[in-house]
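What follows is each chain in one-letter form.
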Amino acid sequence: METVKAVKSVSIPYQSNEEILQLLRDFRCMVNYCLEVGLKKNVTGRFKLTRLVYGELSKFGYHSWYALSAIETATVILKNYRKARRKNPNI
């Protein structure tokens, strides 16, 4: 017997402004910087990555929560990348 999964979605009209788009661009740059440092230094842990990049991320001028969120995002990406490399070294 198959189970059927029902999904309900709601469309919310939203118009972004330049301030939000700039925040998203900066956040992407912060994550990319973390990824770059993590790959160069072969860092796998969040706390070690935080020690390496936090000072540089604070120069963006956002609340520290954004820097920590970017570090967390980069850590997850790095761990998933390394896991995929273990399964398929040709990546």
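Moving on to the pattern of salt bridges. With the rule as written, the count across this model stands at 4 salt bridges. The partner of E36 in a salt bridge is K40, with the nearest N and O atoms 3.4 Å apart. Note that E36 and K40 are positioned in helix α1 (residues 18–41) at a spacing of 4 residues, about one turn of the helix. When its relative accessible area of 66% is taken as the criterion, K40 is described as exposed. One salt bridge connects E56 with K59, and the closest N-O pair in it is separated by 3.4 Å. The exposure class of E56 is partly exposed, given its relative accessible area of 36%.

Low-confidence regions, as indicated by low pLDDT, have predicted coordinates that should not be scrutinised in detail. When pLDDT is averaged across the protein, the result is 92; 99% of the residues are at 70 or more. By mean pLDDT, the top-scoring element of the protein is α1 (96), and the lowest-scoring one is helix α3 (residues 64–87) (94).

An α-helical turn contains 3.6 residues, so a residue and the one three or four places further along point in the same direction. The end-to-end C-alpha distance of α3 is 35 Å, a good match for the 34 Å that 24 residues give at a rise of 1.5 Å each. Within the span of α3, buried status applies to A67, S69, A70, I71, A74, T75, L78 and R82. The secondary structure elements touched by the buried residues of α3 are α1 and α2 (46–57).

Cut-offs applied
Residues numbered from 1 in each chain as written. Predicted model: local features only at pLDDT ≥ 70, side-chain atom pairs only at ≥ 80, totals over all residues. Heavy atoms only, no water. Salt bridge = Lys/Arg side-chain N within 4 Å of Asp/Glu carboxyl O. Helix = DSSP H or I, 4+ residues; strand = E, 2+ residues; numbered from the N terminus. Buried < 20%, exposed > 50% of the residue type's maximum accessible area, 1.4 Å probe, protein only. pLDDT = per-residue confidence, 0-100. Expected span 1.5 Å × (residues − 1). Contact = heavy atoms within 4.5 Å.

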